[in-house]
Amino acid sequence: MTLDEALKRCPVVAIVRGVRPDEVLDHAAALLEAGVVGMEVPLNSPDPFDSIRSLAAEFGDRMVVGAGTVLAPGQVDAVAEAGGRIIVAPNIRPEVIARAVARGLDPAPGFATAGEAFTAIEAGARHLKLFPAVTYGPAHVKQLKAVLPAQAVVWAVGGVGPDSMADWWAAGCRAFGLGGELYRAGQSVAETREKALRVMAAISGLA
């Protein structure tokens, strides 16, 4: 599944920071059952490439999976070799974006300003992750959308949850990266399912 296909079904990518390879498939199944079809494993999680490899093998046709906190081109290669399709980063590094595009992956670099957004776009990114979103607020996105290309997809990531998603959507965001609102290291699969259902209820109200 591609990133665009996944976001059309559900505009949420679950950030499963700290997940272990021996539990990742169970949490992914709970997310998928609820309707979440995007998942990133931050590279500062335990054995992240093992988790990405398992996710891609088991759920790659039903979910888009990949890595977060991707900071170097070599990490992009490792994600690609593990079967990941998305490259999410907290920053703008043109060589990381370019490597992702060259490998046929979808980069979603982190930005804050219009200048950073256009640097990312020039490097080949179309998905732009406002991070940390809570620092800037929906009004920031509304102003940025006036100058960004129509094909740019702005994500709200960092401090965003079910109670605020409607405000971000109204401002022009069309994707959300949710961490603790969906998953915290050590939580049960039942907790993941419960959180995912709450998020999906919020999504159903977006218009």
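Rules of the game
- Residues numbered from 1 in each chain as written.
- Predicted model: local features only at pLDDT ≥ 70, side-chain atom pairs only at ≥ 80, totals over all residues.
- Heavy atoms only, no water.
- Helix = DSSP H or I, 4+ residues; strand = E, 2+ residues; numbered from the N terminus.
- 1 Å grid on protein atoms, 1.4 Å probe; cavity = no way out; pocket = protein on both sides within 12 Å on 5 of 7 lines; lining within 4 Å.
- Points joined across faces, edges and corners; volume = space filled by probe spheres on them.
- Nonpolar A, V, L, I, M, F, W, Y, C, P; charged D, E, K, R; others polar.
- Buried < 20%, exposed > 50% of the residue type's maximum accessible area, 1.4 Å probe, protein only.
- Pairing = 2+ DSSP bridges.
- Right-handed = clockwise from strand over helix to strand, strands pointing away.

Run through unusual backbone geometry, naming residues and quoting values.
Note the cis peptide between Phe 131 and Pro 132, where omega equals -15°. Look at Asp 47: it is not a glycine, yet its phi comes out positive at around 45°. Relative to the helices and strands, Asp 47 is located in the loop between β2 (38–42) and α3 (48–59).

Hey, could you go over the layout of surface pockets for me, with residue numbers and the actual values?
Computed from the structure, the largest pocket encloses a volume of approximately 320 Å³. Classifying every residue of the lining of the largest pocket gives eight nonpolar, seven polar and five charged.

Requested: an account of the pairing of β2, with residues and values cited.
Of all five residues in β2, five are buried; the element is thus mostly enclosed. Here β2 shows no split at all, with Gly 38, Glu 40 and Pro 42 on one side and Met 39 and Val 41 on the other all buried. Pairing of strand β1 (residues 12–15) with β2, which is carried by two bridges, proceeds in the parallel orientation. When the sheet's bridge partners are listed, Ala 14 is paired in β2 with Met 39. Crossover handedness for the path β1 to helix α2 (residues 24–34) to β2: right-handed. In terms of strand pairing, β2 meets strand β3 (residues 64–68) through five bridges, oriented parallel.

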